[in-house]
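# Reading the structure
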Amino acid sequence: MSPEGKRLLNIVVLGFGFMFMFTAFQTCGNIEQTVIKSFNNTEFHGSGYTSMAIIYGVFSASNLIAPSVVTVIGPQLSMFLSGLLYSGYIAMFIYPYTWSFYTASVLVGIGAAVLWTAQGNVLAINSTDNTIGRNSGIFWALLQFSLFFGNLYIYCAWHGHVHITDKDRQTVFISLTVISLVGCFLFFLIRKPDPEPAAPSEQSQSLLQAESSESVSTDSSPGVGLCSQALDAFVKACKMFGTKEMLLLSLSIAYTGLELTFYSGVYGTCIGAMTRFGQDAKRGGVFGMLDKCNQFGRNPSIMAALAFFYSNYLLLHWQLLILVLMGFLGCVTFFLAEWKA
């Protein structure tokens, strides 16, 4: 296989790994508060909203140390171990306890930071200036299919169910745990990218082995060790945050955080609690994906996406207007950051 074909295959494997993992995790996030409300156990006092707040709070803080972790153990092992934490969080719902629920939330927040940092690393080392757009599109297209398959599964599994029984919950979350684990092990199929054709023995070398050999060669330099590499990665991350482009993008990033909070934790629960939908309320939502068109560039695509989000918010409740205003300001700062770059 040519070097370019190998990189493309790595991107496809990466996308499928995330598709399986987030088919499980995003489905779990969408239904967890509804499941908790139906859970008959006086000893369990957990809240899905509190769990999501813990996850994303820890996620935000852990992003400072995530580059150091990926530098030390490599992106492939980082994604695998983080994926196991995601799987553990999902499996916890099979027999939930309050202490395990919140402990798993903290661990997933740490794992999420490492996972997405490692994903960016894998995407970067398997792309060039000419292929980064294509590779990003392939990855995100596969990732977004997780919304379709996960919600379609819930739609079929809970058809006609007004109350979620223990058997219903256990069946769904055992299935989601297995799906998540499949995604974790797919990461081991990612191979070391090589710019030039190499010997067959080198082509079979995994990305993890490559990272290990690079670490050994770096450690052979005087005064340079794993701690130095980790500290260097942390300092670089802090310096990058202080750049003009990142500061301009901060408002856009804050908006996406608020939107993700609403979408991942509130939206599905609201649908599940609507009595007007009757038996269909617990069947979740069916999401699709439209093909992206690059004919007019990415800015019109961003504006069109924001218009869809805004209309959705305003239809749900006028108080969500604050998200509309945040999104508008975020869009302006995004264009400013792009112009400055």
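Here is what the cut-offs are and how they apply
Residues numbered from 1 in each chain as written. Predicted model: local features only at pLDDT ≥ 70, side-chain atom pairs only at ≥ 80, totals over all residues. Heavy atoms only, no water. Helix = DSSP H or I, 4+ residues; strand = E, 2+ residues; numbered from the N terminus. Buried < 20%, exposed > 50% of the residue type's maximum accessible area, 1.4 Å probe, protein only. Lys, Arg positive; Asp, Glu negative; His and termini not counted. Salt bridge = Lys/Arg side-chain N within 4 Å of Asp/Glu carboxyl O. Contact = heavy atoms within 4.5 Å. Polar contact = N/O pair within 3.5 Å; in protein donor to acceptor, adjacent residues only side chain to side chain. 1 Å grid on protein atoms, 1.4 Å probe; cavity = no way out; pocket = protein on both sides within 12 Å on 5 of 7 lines; lining within 4 Å. Points joined across faces, edges and corners; volume = space filled by probe spheres on them. Nonpolar A, V, L, I, M, F, W, Y, C, P; charged D, E, K, R; others polar. UniProt positions renumbered as here; feature names shortened; annotations may be inferred. Expected span 1.5 Å × (residues − 1). Patch = residues over 30% accessible without salt bridge, like charges linked within 9 Å, V, L, I, M, F, W, Y side chains within 5 Å. Areas by Shrake-Rupley, 256 points an atom, 1.4 Å probe, with all protein chains shown as cover. Axes fitted to C-alpha atoms, helices over the stretch in contact; angles between N-to-C directions. Parallel < 35°, antiparallel > 145°, perpendicular 65-115°, else oblique. Left-handed = near helix turned anticlockwise from the far one by under 90°. Core = buried A, V, L, I, M, F, W, Y, C linked by side-chain atoms within 4.5 Å.

## What to know about the side chain of Glu32
With respect to the helices and strands, Glu32 occurs in helix H1 (residues 3–37). Despite its burial, Glu32 remains without a salt bridge, the nearest opposite charge being carried by Arg169 at 12 Å.

## Let's talk about the environment of Glu32
On the basis of relative accessibility, which here comes to 1%, the residue Glu32 falls in the buried class. When the C-alpha atoms of Glu32 and Gly48 are compared, they prove to be 5.9 Å apart, with 16 residues separating the residues in sequence. Not counting residues up to four positions away in its chain, the partners in contact with Glu32 are Gly48, Ser51, Met52, Tyr89, Phe93 and Phe101. At 2.8 Å, the side chain of Glu32 and the side chain of Tyr89 are in polar contact.

## Brief notes about the pattern of salt bridges
Counted by the stated rule, this structure contains three salt bridges. A salt bridge links Arg7 to Glu4; the nearest nitrogen and oxygen atoms lie 3.5 Å apart. Of this pair, Arg7 and Glu4 both sit in helix H1, three residues apart, which is roughly one turn of the helix. With its nearest N and O atoms 2.8 Å apart, the salt bridge here joins Asp166 to Arg169. Taken as a pair, Asp166 and Arg169 lie in helix H7 (residues 166–186) at a separation of three residues, close to a single helical turn. Among the residues examined, Asp166 registers a relative accessible area of 36% and is labelled partly exposed.

## With respect to empty space enclosed by the protein
Overall, the coordinates contain one cavity of 30 Å³ or more when judged by the stated rule. The calculated volume of the largest cavity comes to roughly 30 Å³. Every residue lining the largest cavity is listed: Val35, Ile36, Phe39, Phe44, Phe93, Pro96 and Arg169. In the lining of the largest cavity, the residues fall into six nonpolar, no polar and one charged.

## Focus: the UniProt feature "transmembrane region" (unreviewed entry) in the protein chain
Those places that UniProt annotates as "transmembrane region" (unreviewed entry) correspond, in this numbering, to residues 7–26, 46–65, 77–95, 101–125, 137–160, 172–190, 246–266 and 316–337. Between the end C-alpha atoms of residues 77–95 the distance is 28 Å, and the span holds 79% helix and 0% strand. Each end of residues 101–125 is marked by a C-alpha atom, and these two atoms are 36 Å apart; helix forms 100% of the span and strand 0%.

## Thoughts on H7
The end-to-end C-alpha distance of H7 is 30 Å, a good match for the 30 Å that 21 residues give at a rise of 1.5 Å each. The set of residues buried in H7 consists of Asp168, Arg169, Val172, Phe173, Leu176, Thr177, Ser180, Gly183, Cys184 and Leu186. In this structure, the buried residues of H7 make contact with H1, helix H4 (75–91) and helix H6 (132–157).

## A few points about the environment of Leu14
Summarising the element assignment, Leu14 is placed in helix H1. With 172 residues separating them in the primary sequence, Leu14 and Leu186 have C-alpha atoms 7.7 Å apart. Apart from the residues lying within four places of it in its own chain, the contact partners of Leu14 are Met79, Gln119, Val122, Leu123, Phe139, Phe187 and Ile190.

## Regarding a nonpolar patch on the surface
Side chains of Leu64, Ile65, Leu231, Phe234 and Val235 sit close together on the surface and give an oily, nonpolar patch of about 420 Å² of accessible area. Checked against the element boundaries, Val235 lands in helix H10 (residues 226–241).

## Side note on helix H3 (residues 66–73)
For H3, the complete set of buried residues consists of Ala66, Pro67, Ser68 and Val70. Just past H3, the residue Gly74 takes up positive phi, approximately 90°.

## Here's the deal with the packing of H1 against H4
Where H1 contacts H4, the axes come no closer than 10 Å and their chain directions differ by 25°. Taken together, the axes of H1 and H4 are roughly parallel relative to one another. Of the two elements, H1 crosses H4, and the hand of that crossing is left-handed. Residues Leu14, Phe18, Met21, Phe22, Ala24, Phe25, Cys28 and Glu32 of H1 lie in contact with H4, whose contacting residues are Met79, Gly83, Tyr86, Tyr89 and Ile90. Looking at the contact of H1 with H4 residue by residue, the classes come out as 11 nonpolar, one polar and one charged.

## Description of the packing of H4 against H7
In contact at an axis separation of 9 Å, H4 and H7 are set at 180° when each is read in the N-to-C sense. Judged by the inter-axis angle, H4 sits roughly antiparallel to H7. Where H4 approaches H7, its residues Phe80, Gly83, Leu84, Tyr86, Ser87, Ile90 and Ala91 are matched on the opposing element by Phe173, Leu176, Thr177, Ser180, Leu181, Cys184 and Phe185. Looking at the contact of H4 with H7 residue by residue, the class counts come to 10 nonpolar, four polar and no charged.

## A word on the nonpolar core
Among soluble globular proteins, nonpolar side chains are generally buried collectively. Formed by 46 residues in total, the largest nonpolar core has its most connected members in Phe18, Met79, Tyr89 and Phe173. Secondary structure elements with two or more residues in this core: H1, helix H2 (48–62), H3, H4, helix H5 (98–125), H6 and H7. When residues of this core are assigned to their parent elements, the largest contribution, 11 residues, is made by H1. In this structure Phe18 touches Thr23, Met79, Leu115, Trp116, Gln119, Phe139, Leu143 and Phe187, once residues within four positions along its chain are discounted.

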